[in-house]
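Chain and residue survey
In case you want the letters, here they are:
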Amino acid sequence: MAMCPLCNGFEAYETQCASCGSLMLDGGKATDFLDDYSAYMDIDVLKLVDGDLNSLVENICLHMFSCPHCQQDQMVAVKE
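Below you will find a few notes about this structure. (Residues numbered from 1 in each chain as written. Predicted model: local features only at pLDDT ≥ 70, side-chain atom pairs only at ≥ 80, totals over all residues. Heavy atoms only, no water.)

Turning our eyes to something else, we now look at the state of the cysteines. Scanning the entire structure with this criterion turns up zero disulfides. Residue cysteine 17 stays outside any disulfide, its sulfur separated by 3.5 Å from that of cysteine 70, the closest cysteine. Classification of cysteine 17 by relative accessible area gives buried; the value is 6%. No disulfide involves cysteine 67; its nearest neighbouring cysteine sulfur is the one of cysteine 20, lying 3.5 Å away. When its relative accessible area of 2% is taken as the criterion, cysteine 67 is described as buried. (Disulfide = S-S within 2.5 Å. Buried < 20%, exposed > 50% of the residue type's maximum accessible area, 1.4 Å probe, protein only.)

Here's what the structure looks like:
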């Protein structure tokens, strides 16, 4: 079973905002933002609608990063 190192706290990931260069904050799995209950749904089922056609097969977890200064959002594909 694949596990996301960011979701499980095994690793930290830092990225800079492409617009202003500030350090972006990890907001969690992109699928957690679909609706109020998506954070409680089966992860493999949500990977079918996360916007990456191969995320389930390639064990990719999409994370939403946001910039606290200019409010830009960026999706980052994390290998599980």
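After that view of the structure, there is still more to cover.
Our focus in this paragraph is the pattern of salt bridges. Taken as a whole and assessed by the stated rule, the structure comprises two salt bridges. For lysine 29, the salt bridge goes to aspartate 32, with nearest N and O atoms at 3.5 Å. Relative accessible area serves as the criterion here: at 11%, lysine 29 is assigned to the buried category. One salt bridge connects glutamate 80 with lysine 47, and the closest N-O pair in it is separated by 2.7 Å. Of this pair, glutamate 80 sits in the segment after β3 (73-79) while lysine 47 is found in the loop between α1 (43-46) and β2 (60-66), placing the two residues 33 residues apart along the sequence. Its relative accessible area of 22% is what places glutamate 80 among the partly exposed residues. (Salt bridge = Lys/Arg side-chain N within 4 Å of Asp/Glu carboxyl O. Helix = DSSP H or I, 4+ residues; strand = E, 2+ residues; numbered from the N terminus.)

A grouping of Leu34, Met41, Val45, Leu48, Val49, Leu56 and Val57 is seen on the molecular surface, where their side chains present a nonpolar patch of about 670 Å² in accessible area. Examined against the element boundaries, methionine 41 turns out to sit in the loop between β1 (25-29) and α1. Under the relative-accessibility criterion, methionine 41 is labelled partly exposed at 41%. (Patch = residues over 30% accessible without salt bridge, like charges linked within 9 Å, V, L, I, M, F, W, Y side chains within 5 Å. Areas by Shrake-Rupley, 256 points an atom, 1.4 Å probe, with all protein chains shown as cover.)

Core analysis: the largest hydrophobic core is formed by nine residues, namely Cys4, Leu6, Cys17, Met24, Cys61, Phe65, Cys67, Val76 and Val78. Taken together, the elements giving at least two residues each to this core come down to β2 and β3. Contact partners of methionine 24, with chain neighbours within four places excluded, come to Thr15, Gln16, Cys17, Phe65, Ser66, Cys67, Pro68, Gln72, Asp73 and Gln74. (Core = buried A, V, L, I, M, F, W, Y, C linked by side-chain atoms within 4.5 Å. Contact = heavy atoms within 4.5 Å.)

Take it as geometry only, folks, not as evidence of what the structure does.
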